[in-house]
Amino acid sequence: MKRTTVLIVLLLPIMSFSQDLITNTINRNTTTLNGTWHYIIDPYETGYYNYRHEPYDKQTKSDNRAFYKNYHTDDKLELVEYDFDKSQTLLVPGDWNSQNEKLLYYEGTIWYKKSFDYKKSNPLNRLFLYFGAINYKAEVYLNGQKLGTHIGGFTPFNYEISSIVKPKNNYLVVKVDNKRTKEAIPTINTDWWNYGGITRDVKLIEEPQSFVQDYSIQLKKGSNTSISGFIKLNNVLKEEKVTISIPELKVQTTVLVKNDNKIGFEINTKGIHYWSPESPKLYAVNIKTDYQTLEDHIGFRTIEVKGPKILLNGKSVFLKGISIHEENPMRAARAFNDADALVLLNWAKELGCNYVRLAHYPHNEHIVRMADQLGMMVWEEIPVYWTIDFKNESALNNAKNQLTEAITRDKNRACIVIWSMANETPPSDARNKFLIDLVNHTKSFDNTRLISAALETHNKNGVNIVDDKMGEYLDIVAFNQYTGWYGGSLENAPNAKWDISYDKPVVISEFGGGALQGLHGTIKERWTEEYQEYLYQQNLRMIDKIPNISGISPWILVDFKSPKRLLPNIQDGWNRKGLISNNGIKKKAFYILQKYYKNKEHE
């Protein structure tokens, strides 16, 4: 076994809103609760409020009218006005919009109920209920007891249910509310489909009394030989020994954990095969205690900026990207599994991408782990989108919490190279303070990745100006621009002049235009494949002349559903900016970008 130098550091406890999240649930002892769930549509929230609009779960006296009670009676005279077991069913994971045409545009409350039996493998073990994501606000009840409330549609959460679960006849009830509100993240106005429901995996996680809850194992910032991070145990009753090993690197070290604190460690090693798009090497990593062994597969790479360059493993890299929504276009539904992830990422690879922007929210864990395996760099962002209520303290805390949950889940994935704070937010003092708080918050959790945001530009005297003050706080200056679609001349695009205030890498986080697949005409006709093709040709010529250009992620890989896109016989509820149609057919512009990326390989 290779001798290693180990530095052990006692770290402060994690912030209260994230300390209970269990990571790497894919490789734990789990039981799925996916499948068929009964549901009740409740637009007036009759099952949550009494007739004075007081929540049942806040009242001292139990009331069987509350849906979370799942009340049944043999008394044929008693008034009971709901019955989950006689109600319709939905598949979980999944959105309700695509499963029932009557729910296509529904925004509001739907109650879900799942009955299950569960016997622990060891009576002393603990049991947790884990949700991959619920859009948007979830109130969770088990056997009539409230477990908690979660806000945010794209990040995971869990609850301990050890003292509540029974061997037989458990009933889990979840109130799901996807109404858009001004103070939410995202806010009322978005350009994507507001899929409601339990949209990601639901599982039971069985753990010993003391267990590995969370950990970070990555290359230390500024080093390509030092692996560092932390181990976080839950319910440390005495000093616990934890062994971290990477057998292929012949690395093994042991740390001692006390009192539920995080223990930091640092291991010096040599001979690492670095993760990259060309060679996405993942190492088996084992974390072992006296009670369990937890395995993960982790890649090691460095990502940094130097002046106008992005450096991956010390070498300059151009981000050949595409933006992606979390949607299966052929199903017209929220994507939620490995198969969905593989379809989207394989299209990106066929395009020639080495990088994808996961817009405009954290996508499911399947696609992030798949990107790790396929060697696809990832930009991950939270839905601080357009006109957030930047003066609202609760909105800021909500955004911070979503960042925390996303980073906690994905911090060990080598593919993620950029954490993004926002998309197209109008500059103001309040907005700047909001985003700077998010930047600092992100750095406090992870200083090994780059930070960016999709900014806006403005034009003065024919010059495109990038001078957003947020650029001072970002590693990469990224911005969206839509020359030829939302203004500007395509004919003159290659001659555009740019004034960028920062000597930093520049990434065009979005550009593009719409086309209906199969509609043909001339470059003078909007919505034709020829117009979109010409738009890509001219924009790419322009982009090559932008100072410090280090990458692009055009908008977007595939047509996606949006209630804002209403033009009959062209949009019909779809944003048509995809390079691939919602039927999976490639448009002409796909091949323009593919050729551009192919040529980049030889530069």
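Residues numbered from 1 in each chain as written. Predicted model: local features only at pLDDT ≥ 70, side-chain atom pairs only at ≥ 80, totals over all residues. Heavy atoms only, no water.

The name recorded for the chain in an unreviewed UniProt entry is Beta-glucuronidase, from Yeosuana aromativorans. Within the UniProt record for the chain, the comment given under Sequence similarities (unreviewed entry) is "Belongs to the glycosyl hydrolase 2 family." (UniProt positions renumbered as here; feature names shortened; annotations may be inferred.)

Enquirer: Lay out the environment of N135 with the relevant residues and their values.
Expert: Looking at the element boundaries, N135 is found in the loop between β6 (126-131) and β7 (137-142). A relative accessible area of 4% places N135 in the buried class. There is a polar contact of 3.1 Å between the side chain of N135 and the side chain of N194. (Helix = DSSP H or I, 4+ residues; strand = E, 2+ residues; numbered from the N terminus. Buried < 20%, exposed > 50% of the residue type's maximum accessible area, 1.4 Å probe, protein only. Polar contact = N/O pair within 3.5 Å; in protein donor to acceptor, adjacent residues only side chain to side chain.)

Enquirer: So what about the packing of aromatic side chains? Which residues, and what values?
Expert: Tallied over the entire structure, the rule returns 28 aromatic pairs. Geometrically, the ring pair formed by W193 and Y195 is tilted, given 6.4 Å between the ring centres and 40 degrees between the ring planes. Taking the relative accessible area as the measure of exposure, W193 reaches 4% and is therefore buried. Residue Y195 is classed as buried on the basis of its relative accessible area of 2%. (Phe/Tyr/Trp six-rings, centres within 6.5 Å; stacked < 30°, edge-to-face > 60°.)

Enquirer: Outline the sheet that holds β7, supporting the account with residue identities and numerical values.
Expert: Taken together, 6 strands build an open sheet; the order of strands is β4-β3-β5-β10-β7-β8 and the sheet is antiparallel. This sheet does not close on itself; its edge strands, each paired only once, are β4 (89-92) and β8 (145-151). Between one strand axis and the next, the sheet turns by 25 degrees as a mean value, whatever way the strands run. Sheet analysis places strand β3 (residues 35-41) next to β4, joined by 4 bridges and oriented antiparallel. (Pairing = 2+ DSSP bridges. Axes fitted to C-alpha atoms, helices over the stretch in contact; angles between N-to-C directions.)

Enquirer: Explain the packing of helix α1 (residues 338-351) against helix α6 (residues 588-600) residue by residue, including any values.
Expert: The contact between α1 and α6 brings their axes to 8 Å, and the two run at 60 degrees. Our classification of the angle between α1 and α6 gives oblique. Of α6, the residues touching α1 (which contributes W347, E350 and L351) are F590, L593, Q594 and Y597. Across the contact of α1 with α6, the residue classes tally to 5 nonpolar, 1 polar and 1 charged. (Parallel < 35°, antiparallel > 145°, perpendicular 65-115°, else oblique. Contact = heavy atoms within 4.5 Å. Nonpolar A, V, L, I, M, F, W, Y, C, P; charged D, E, K, R; others polar.)

Enquirer: Report on the UniProt feature "domain: Glycosyl hydrolases family 2 sugar binding" (unreviewed entry) in the chain, specifying residues and quantitative values.
Expert: Per the UniProt entry, the sites bearing "domain: Glycosyl hydrolases family 2 sugar binding" (unreviewed entry) are residues 79-208 in this numbering. Note that residues 79-208 is 0% helix and 38% strand, and that its end C-alpha atoms are spaced 44 Å apart.

Enquirer: Outline the packing of helix α5 (residues 529-543) against α6, supporting the account with residue identities and numerical values.
Expert: Between α5 and α6, whose axes approach to 7 Å, the crossing angle comes to 25 degrees. With respect to each other, α5 and α6 are oriented roughly parallel. Along this stretch, α5 crosses α6, giving a crossing that reads as right-handed. Mapping the contact onto sequence places E529, E530, Q532, E533, Y536, Q537, L540 and I543 in α5 and K588, A589, I592, L593 and Y596 in α6. (Left-handed = near helix turned anticlockwise from the far one by under 90°.)

Enquirer: Account for unusual backbone geometry, naming residues and giving values.
Expert: Here A359 and H360 are connected by a cis peptide whose omega angle stands at -20 degrees. Note on placement: H360 falls in the loop between β25 (355-358) and α2 (365-374). Cis geometry marks the peptide bond from W555 to I556; its omega dihedral reads 15 degrees. Considering the arrangement of structural elements, one finds I556 in the loop between β34 (549-552) and β35 (560-561). Of note in the backbone geometry, E45 takes a positive phi value of approximately 55 degrees without being a glycine. Here E45 is to be found in the loop between β3 and β4.

Enquirer: Now, about the nonpolar core: what can you tell me, with residues and values included?
Expert: Judged by nonpolar contacts, the single largest core of 107 residues is most densely connected at I322, V384, F434, L438, I552 and L593. L33, L147, F157 and V176 belong to the second-largest nonpolar core, a separate cluster that totals 31 residues. (Core = buried A, V, L, I, M, F, W, Y, C linked by side-chain atoms within 4.5 Å.)

Enquirer: Tell me about helix α4 (residues 429-445), residues and numbers included.
Expert: The end-to-end C-alpha separation of α4 is 25 Å, in line with the 24 Å expected for 17 residues at 1.5 Å each. By the burial criterion, the buried members of α4 are R431, N432, F434, L435, I436, D437, L438, V439, H441 and T442. Packed against the buried residues of α4 are α3 (393-410), β27 (416-423) and β28 (450-455). (Expected span 1.5 Å × (residues − 1).)

Enquirer: Give a description of the pairing of β25 that names residues and reports values.
Expert: Across the two faces of β25 the burial is the same, with Y355 and R357 and V356 and L358 all buried. Both strand β22 (residues 319-324) and β25 contribute to a ladder of 4 bridges, which runs parallel. Bridging across to β25, I322 finds its partner in V356. Bridge analysis of β25 against strand β26 (residues 377-381) gives 4 bridges, and the strand direction is parallel. From the neighbouring strand, Y355 faces β26, where its bridge partner is M377. A crossover links β25 with its parallel partner β26, the connecting element being α2, and its sense is right-handed. (Right-handed = clockwise from strand over helix to strand, strands pointing away.)

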